[in-house]
Structures are given as C-alpha cells and as structure tokens.
Amino acid sequence: MSHEFEVGNVHIGSGQLFLIAGPCVIESEAHVRKMADAIQRVTSDLGVPYIFKASYDKANRTSVTSFRGPGLKEGTAILRRVAESTGLPVLTDVHEPSQCEIAAEGADVLQIPAFLCRQTDLLLAAGRTGRAINVKKGQFVAPWDMKHTVEKVLTTGNSRLFLTERGASFGYNNLVVDMRSLPVMRKLAPVVFDGTHSVQTPSAANGVSGGQPEFIPVLTRAAVAAGVDGIFLEVHDNPAEAKSDGANALDLKYLRPLLETLLALHQAVRP
C-alpha cells in the first residue's frame, strides 16, 4: 500500500511536516471561525500545511454534565461552512457507524477516537465514505497491534489512512508516550503525534480531565526528532475558559514559536 496521499492541499506522508489543530469541541460557529482564521494565519506565514479540527460531539466526557457540542447535523454544517470560507481541509470525530455518512458531508478527514480504535463496524463505515481516516491509537493498544485496525479499513478499498499516537495508560489518571511506537506504526501508515492529549491526566480533575500543557513542547520536539509525518494540537485562545480539554490545550499565543522550533528540528533530522 502507498503511504502517501492528499487531503485537499495537504500531502500526507510526503516528507513535509503538517499540522492538525483547532479547539477540542465546537463551542460556537463564531469561535471555530476565529480559531481557524488565527491558526491559518500562523501556518500560512510559516508554510505549514494545515488541517483544521473540531468535534461536533464529545461523546466520551467523564461527567454526564460536561459540555458535548452542537451535535452531528448542526456541527457538520458549521464545519462545512468553515471549510468553504477558509479553503482548509477539516477533520472531525465520529463515534457510531450511522454518523459517518453525515459527518463526511462536512469533513475531509474522519477521526476514530482512541477508545474506539478497535470498533470494527465504525472503522468499516468510516472507510466506506472514501474520506481520509485518522485512527487514534488506543491508550490500551500496543503499536504493532494497530496493523489489525489498518487491515480493517483497507478491506473497504480505502487506503487514505493515517495513525495518531496519543500516549498509553500508565497506572491511574496518567499517560506516558513510548517514542518507539512512532517508527513501529510508520511501517503501517503515516503517523501523527498528538502533543496535547499526550499530556492529559484522564479524569483526574474532579469529573473532568486535567493536564500538563507545559510538557507539550517537550513531547512534540521529541516526536519530530524521532520522525513523524504530522503534529496534532488542540489549540484554544483561552484554555482556562475552554468548554472541553482546556487543561491540556495549547494556548494560541504559543503556537507560532512552537511550530518554528518543530520546523527547524524537522529540517535537521530529515534524511
């Protein structure tokens, strides 16, 4: 299988570092437009290929009272308008097979959440849409076992697939990143490193997840040095007020200097 393909004007697996970034969840149409525009200005200035991300529904929140988003139909419509107004390719999560066709109307990339990376019917439904598929490696899955996930998607005839590392469970309420997983999974498909969920402390903050965002630069630098195709970052202009995952989000003001460092590292380690 070829590990190189395109999503809009973003070349996946081509050797050029690309970025997936945006707020965790659609808080409002005005906010996602603001974030898409702000991140696009940074990536355009630096020449970084960019895919915008936001979720229409956060279906795996710790607490039943946590904000989830606008829902499938409204969220998909918002993402479609963002894509049309910015020209950016768009990524969003899907959680059930029945959501895939509708989400594909507004998104260029369908993302399979880490907790669902072994759900066969979901992987098959997503693959059949023909959209590019990003599968987040489960916190409970060995990197070499992701070959089974890849094989499931390939049976649909869709080879536009990449994998994302987001840390592995280490005891309770903690994640660690095994950098060996990056070259292991790159034998299967292009690999993205999620620098923000990897610093999450799951369900550790009284009904919500906490985080250690000060380690985002450390881990993303290590991942780029180890060799990845792309970086995934949840970015927010006011993480303290974010409605989901604010504790592990990257503050928008730090995006440009972080990307500048990552680009320099990527250039230094390229074969």
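Keep in mind it's a predicted model, so treat the numbers as computed, not measured. Every residue gets a number counted from 1 within its own chain, in the order that chain's sequence is written. Only residues with pLDDT of 70 or above have their local features reported here, since the model is predicted, and side-chain atom pairs are shown and tallied only from 80 upward, although totals for entire chains, interfaces and linings are computed over all residues. To obtain the side-chain values, all non-hydrogen atoms of the structure were included, while hydrogens and water were left out.

### Focus: the side chain of Ser181
Think of it this way: any DSSP run of H or I at least four residues long counts as a helix, any run of E at least two long counts as a strand, and we number them from the N terminus. Summarising the element assignment, Ser181 is placed in helix α6 (residues 181-186). Relative accessibility thresholds used throughout: buried, under 20% of the residue-type maximum; exposed, over 50%; partly exposed, between the two (1.4 Å probe, protein chains only). By relative accessible area, which is 2% here, Ser181 ends up buried. At 2.9 Å, the side chain of Ser181 and the backbone oxygen of Asp178 are in polar contact. With sequence-adjacent residues up to four places away left out, Ser181 is seen in contact with Pro143 and Glu165. Nitrogen and oxygen atoms within 3.5 Å of one another constitute a polar contact, given that in protein one can donate a hydrogen and the other can accept it, and given that sequence-neighbouring residues count only through two side-chain atoms. Throughout, a contact is declared for two residues whenever any of their heavy atoms are within 4.5 Å.

### What to know about the packing of helix α1 (residues 29-46) against helix α2 (residues 72-86)
Interaxial angle, 0 to 180 degrees, is taken between N-to-C directions of lines fitted to C-alpha atoms, where a helix line uses only the stretch in contact. Interaxial distance between α1 and α2 falls to 10 Å at its minimum, and their mutual angle equals 35°. Two packed elements cross with a definite hand, and for α1 against α2 that hand is right-handed. Within the contact between the two elements, α1 uses Glu29, Val32, Arg33, Ala36, Asp37 and Gln40 and α2 uses Ile78, Arg81, Val82, Ser85 and Thr86. The residue inventory of the contact of α1 with α2, partitioned by class, reads 4 nonpolar, 3 polar and 4 charged. Crossing handedness is defined as follows: a turn of the near helix away from the far one that is anticlockwise and smaller than a right angle gives a left-handed crossing, while the clockwise case is right-handed. Under the scheme applied, nonpolar residues are Ala, Val, Leu, Ile, Met, Phe, Trp, Tyr, Cys and Pro; charged residues are Asp, Glu, Lys and Arg; polar residues are all the others, including Gly.

### Overview of helix α7 (residues 216-226)
Considered for burial, the residues of α7 that qualify are Ile216, Thr220, Ala223 and Val224. Each buried residue of α7 sits inside an arc of 95° when the element is viewed along its axis, so together they form one side. Among the residues trailing α7, Gly227 stands out with phi positive, at a value near 105°. An arc is given here, and it is the one of the directions from the helix axis to the C-beta atoms.

### Considerations on the environment of Ala142
Structurally, Ala142 is set in the loop between β7 (132-136) and α5 (146-154). Overall, the relative accessible area of 21% leaves Ala142 in the partly exposed class.

### Quick look at the nonpolar core
Where a protein is soluble and globular, its nonpolar side chains tend to be buried together. As used here, the term nonpolar core means buried Ala, Val, Leu, Ile, Met, Phe, Trp, Tyr and Cys residues forming a set that is joined through side-chain atoms within 4.5 Å. Leu19, Phe52 and Leu233 are the most contacted members of the largest nonpolar core, which totals 60 residues. Discounting chain neighbours no more than four positions away, the residues touching Leu233 are Leu19, Ile20, Ala21, Gly22, Gly195, Thr196, Ile216, Thr220, Leu250, Leu255 and Leu258.

### Some words on unusual backbone geometry
A positive phi is found at Asn173, a non-glycine position, where the angle reads about 60°. By secondary structure assignment, the location of Asn173 is in the loop between β9 (168-169) and β10 (175-176). Residue classification places Asn173 among the partly exposed residues on the basis of a relative accessible area of 39%.

### Considering the pattern of salt bridges
Whenever a carboxyl oxygen of Asp or Glu lies within 4 Å of a side-chain nitrogen of Lys or Arg, that contact is scored as a salt bridge. All chains considered together, the criterion is met by 11 salt bridges. Taking the shortest distance from any N to any O, the salt bridge between Arg81 and Glu29 comes out at 2.9 Å. In this pair, Arg81 sits in helix α2 while Glu29 sits in helix α1, placing the two residues 52 residues apart along the sequence. Sharing partners across several salt bridges, the network here consists of Glu29, Arg33 and Arg81.

### Comments concerning the state of the cysteines
Here, the term disulfide refers to a pair of cysteine sulfur atoms separated by no more than 2.5 Å. One pass over the full model with this rule turns up 0 disulfides. Not engaged in a disulfide, the cysteine Cys100 finds its nearest cysteine sulfur in Cys117; these two sulfurs lie 15 Å apart. Of the residues examined, Cys100 reaches a relative accessible area of 1% and is grouped as buried. In this structure Cys117 comes out as buried when scored by relative accessible area, which is 0%.

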